[in-house]
Amino acid sequence: MKRSEYNIKEIENKWKKRWKDENLYRTDITSKKNKYYVLDMFPYPSGAGLHVGHIKGYSATDIVARYKRLKGFEVLHPMGWDSFGLPTENFAIKTGKNPNIVTEENTSEFKKELINSGVGIDWDREITTSDPDYYKFNQIIFLKLYKKGLAYKKKSPVNWCPSCKTVLSNEQSVGGICERCDSKIEIKNIDQWFFKITDYADRLLNDNKNLDWPESTKKMQEKWIGKSIGAKIKFKLKDLDKSISIFTTKPETIYGTTFIALAPENKSLDNLFDSNTKKAISEYRKNLTPQSEVERKKDVKTGVFTNLYAINPTNNEPIPIWVADYILMEYGTGAIMGVPAHDKRDMLFAQKHNIKIEYVLNEKKPYEKSIMIKSDYKGMNVSEARKNIVESIKDAEWTTQYKLRDWLISRERFWGTPIPIIYCKNCGEVPVDEKDLPVLIPDDIDDYRPTGKPPLEKSKKFTNVKCPKCKGKAKREAKTMDTFVDSSWYFLRFIDNKNTKSIGNKEYINHWLPVDLYIGGNEHAVGHLLYSRFITKFLYDEKILNFDEPFTKLRHQGLIYGEDKRKMSKRWGNVVTLKFAIEEYGADAIRMYEMFMAPFKQYSSWETRSIIGINKFLTRIWNLQYITSKSKNNEEDFLTNELIKTIENNIEKGKYNICVSEYMKYVNRVEELNSITKENLEKFLIILSPYAPFITEEIWEKIGNTYSIHKSKWPEILNIENKNTHILIPIQINGKFRGEIYIEKDSPEEIVLNKVLDDNKLKEKIKNNEIKKVIYIKNKILNIVI
RNA sequence: GCUGGGGUGGCGGAAUAGGUAUACGCGACGGACUUAAAAUCCGUUGGAGCAAUCCAUGCGGGUUCGAUUCCCGCCCUCAGCACCA
């Protein structure tokens, strides 16, 4: 055969065009074949473009998708754009450029680079969340939640900069100071929209048990939901006809309660304060430590005495009531019983404010093993005492608390989904009629700068509307939705993305979902993944879906750091763009390299010299076509068959790095043999094609096969025996490796042992020592104990 | 502090129903080809030692004929969470 050069650019350009023109990766949603749905967390199309780290996850999903296609599955591997959000809006603020145009430019660049990388996407299913055809369904889901009382409005504290007149995120208000103008931030209560995810707390907590997710991710969600069981206990106030409720998970320590502390926001006793106390407390509340500084001042527990006392229900002792900012209003009842002896924080508080410390139990290593040393329950262990105490106190009841809070979904931002609510003077809060959706982002705004009011309010034609009920004058809600709403259901939309009437054809959605394999970064362990589970469960309850968990199997990819082992960032100047890398080394090399460099889930650093090694390897693969031979070879058949097994196994396990080294070992051996049959080369190309789709397609064609290798079949695993009759096995003496000998396969122990005793070198080592024991594992090892 | 990962050559990393530790690759060194270089190819490459051999999978114990793998006790490191009563 005439030799030709491995011309990367020519090959990659040729095939990416043909695959696109002929729609090679189209998914037939109506197919009767077994389905496989593999999904990437869809990207935010930023102006910075993709760097080599982004393609790691997409390469892995593409490998799995191609592998499953070859195995006969109908595969769905779609892609879309999470295009609403701050960076685009900020870019618009800076440049005055319309966010729609910015998004369009960015997504088309992203798409081009994915195609260049050889990722096999069915682009007819592309979705863009800032597209009205998409965000219409955000609004529909909102309305469904609203109808069920799961979307509601309430006043909620936000970080407010009085000088910029804008709401700030926690990140923008570090240290209680505005990021832009250095003014002191205030806490302001304004109307906000929430989704009532707390109604689903228990299901979100319990249903993760059967999911094939990383244990750490499941744990993080469990912690985030934070279920704890305890008691709500009422403490009567001394000399007053009033009581205060506290929540505790350790009711058994109630005998050690030496104070009560209220959250600063807890106003339930305000009208009982005398005038001096009132002054002191309002002063205290004004000077509250901003949330972000709490961390630093953790060991300083400030508070103010209220001059009021409560009665400990177990012994009728009066105990002082304080207001302290280490108590959170949002958790429990916004009040605690302070037990300094058995709680670190209470201890710090008591020490600072000279409050009595009363030990009631003898604390042991696992807390549950502690023993009561005081009270009627002296000598009892914690769990017994706990049960008895809660039952004996009249004003106590068991209760469950969660850390999970409702999902705040409203934003005073331009570039997001408008919330479909109208405010009417007569009818109040009125939901927009479904037939009037989508509520579009107005097109008559060209100044996106924040003014303290939601930007959409600037558009008169948007804001001033008729009430859907009474047709009177009304105003539209101008807040937009959190972008996590967009991503909480996008995986449903790929099935039937052109459907304008519903999220998609129910039958097909229920056939294709849940997602079989979901890959993305672990930074979404709680946010996106929890919200998606919530919305899925809600749509299940609405009988739209017949499954209530969206992602059966989840895996996280580790980040790729820069060559300097720092996170890739403009700041360090260590970013390797995908565009550059493909230009320089080719897509096949980038893909193989990223799979090879480290275990998939592990962080690793880019190393240019290593990718060159992969390039050499691809060239050697290219040259295999010139050593094809007709002569059959048992070893070659055997190795090919073994390789198929190994690759299959490791793709299923997600051990992509092992696959690459196995390909290398195979090629090393074939080169040694200096021959490969056409049949084995074809098999090798097929099983390599998920990793290196371009070069394999080209060689496939060159050795006379019909288009396309990606539509061929994964080779069967055959029952091929290695015909070598002799094998080399290691010999140990006292567990240490001392040599190896050739034996006939399946030889019994005596024969092997005799061979060892015949071997001059080994015989020498045993010498006159008595052989105490021989351990022989057939075809594997022989150990002689002397 | 809590939760979850990790500690194996100069580097990225293999190997766990206990069975030749360091596969595969990078780098390095030596050689071939070349006027020369690049590319390519062939060797060598955990440490010590002339050698037999000894020592090495974070540290210390244990179980076992045999431990990177299992058990007990530590150390270090990365990531996430963190005043949640």
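In what follows, the structure referred to is the one given above.
Only a predicted model underlies this, so the values are computations on that prediction, with no experimental measurement involved.

Caption draft 1: Broad picture of the sheet that holds strand E19 (residues 421-424). If you walk across this open sheet you meet the four strands as E20-E19-E22-E21, and the pairing is antiparallel. Edge strands, defined here as strands with exactly one partner in the open sheet, are strand E20 (428-431) and strand E21 (464-466). The average angle at which neighbouring strand axes cross in this sheet is 40°, direction not considered.

Caption draft 2: Quick peek at the protein's contact with RNA strand B. If you check the shell around RNA strand B, you find 53 residues, and the closest are Lys 301, Arg 345, Lys 403, Gln 602 and Asn 783. Each atom of RNA strand B within 4 Å of the protein belongs either to a base or to sugar and phosphate, the latter forming 61%. Backbone polar atom of Tyr 326 to a sugar or linking oxygen of RNA strand B: 2.9 Å apart, as the coordinates give it. The side chain of Lys 655 places a nitrogen or oxygen atom 3.4 Å from a phosphate oxygen of RNA strand B. Listing elements by their share of the surface near RNA strand B, those giving two or more residues are helix H7 (215-225), strand E9 (243-248), helix H19 (608-624), helix H21 (656-673), strand E30 (726-733), strand E31 (736-744), strand E32 (773-777) and strand E33 (781-785). Of all the elements, H21 adds the most residues to the surface near RNA strand B, at six residues. Residues that form the surface near RNA strand B fall into these classes: 20 nonpolar, 13 polar and 20 charged.

Caption draft 3: Geometry of the packing of helix H18 (residues 587-596) against helix H23 (residues 693-702). Close contact between H18 and H23 brings their axes to 7 Å; oriented N to C, the two are set at 125°. With respect to their mutual orientation, H18 and H23 come out oblique. On H23, the residues touching Ala 587, Asp 588 and Arg 591 of H18 are Pro 693, Phe 694 and Ile 695. Considering only residue class, the contact of H18 with H23 consists of four nonpolar, no polar and two charged.

Caption draft 4: Examining the pairing of E31 more closely. Across eight bridges, the pairing between E30 and E31 is antiparallel. The residue bridging Leu 728 from the neighbouring strand is Tyr 742, located in E31. From the end of E30 to the start of E31, which pair antiparallel, there are two residues, and Asn 734 there has a positive phi angle of about 50°.

Caption draft 5: Structural context of a positive patch on the surface. Together, Lys 232, Lys 234, Lys 236 and Lys 394 line one region of the surface with positive charge. Its location among the elements puts Lys 394 in the loop between helix H11 (382-392) and strand E16 (396-401). Residue Lys 394 is classed as exposed on the basis of its relative accessible area, which comes to 73%.

Caption draft 6: Broad picture of the sheet that holds E32. Spatially, the four strands line up as an open sheet ordered E31-E30-E33-E32, and their pairing is mixed. Since the sheet does not close on itself, it has two edges, and those belong to E31 and E32, each with one partner. Taking the axes of each pair of neighbouring strands and ignoring which way they run, one obtains an average angle of 20° across the sheet. Most of the contacts of helix H24 (residues 749-758) go to E31, to which it runs at about 115°, and overall it touches E30, E31, E32 and E33.

Caption draft 7: Examining the packing of aromatic side chains more closely. For the coordinates displayed, the defined rule picks out 42 aromatic pairs. Seen from their ring centres, Phe 142 and Phe 195 are 5.9 Å apart, and the 50° between their planes marks the pair as tilted. Residue Phe 142 is found in helix H5 (residues 132-147), and its partner Phe 195 is found in strand E7 (residues 186-195); the two are separated by 53 residues along the sequence. What makes Phe 195 buried here is its relative accessible area of 0%. Put simply, the rings of Phe 142, Tyr 146, Trp 193, Phe 195, Tyr 200, Trp 407, Phe 484, Tyr 531 and Phe 534 touch in pairs and so form one group of aromatic residues. If you follow Arg 66 out to its NZ or CZ, it ends over the ring of Trp 19, 5.6 Å from the centre.

Thresholds applied
Residues numbered from 1 in each chain as written. Chains lettered and ligands numbered in written order. Predicted model: local features only at pLDDT ≥ 70, side-chain atom pairs only at ≥ 80, totals over all residues. Heavy atoms only, no water. Pairing = 2+ DSSP bridges. Helix = DSSP H or I, 4+ residues; strand = E, 2+ residues; numbered from the N terminus. Axes fitted to C-alpha atoms, helices over the stretch in contact; angles between N-to-C directions. Near = heavy atom within 4 Å. Polar contact = N/O pair within 3.5 Å; in protein donor to acceptor, adjacent residues only side chain to side chain. Nonpolar A, V, L, I, M, F, W, Y, C, P; charged D, E, K, R; others polar. Parallel < 35°, antiparallel > 145°, perpendicular 65-115°, else oblique. Contact = heavy atoms within 4.5 Å. Patch = residues over 30% accessible without salt bridge, like charges linked within 9 Å, V, L, I, M, F, W, Y side chains within 5 Å. Areas by Shrake-Rupley, 256 points an atom, 1.4 Å probe, with all protein chains shown as cover. Salt bridge = Lys/Arg side-chain N within 4 Å of Asp/Glu carboxyl O. Lys, Arg positive; Asp, Glu negative; His and termini not counted. Charge placed at Lys NZ, Arg CZ, Asp CG, Glu CD. Buried < 20%, exposed > 50% of the residue type's maximum accessible area, 1.4 Å probe, protein only. Phe/Tyr/Trp six-rings, centres within 6.5 Å; stacked < 30°, edge-to-face > 60°. Lys NZ or Arg CZ within 6 Å of the ring centre and 35° of its normal.

Any link to function would need more than the numbers given here.
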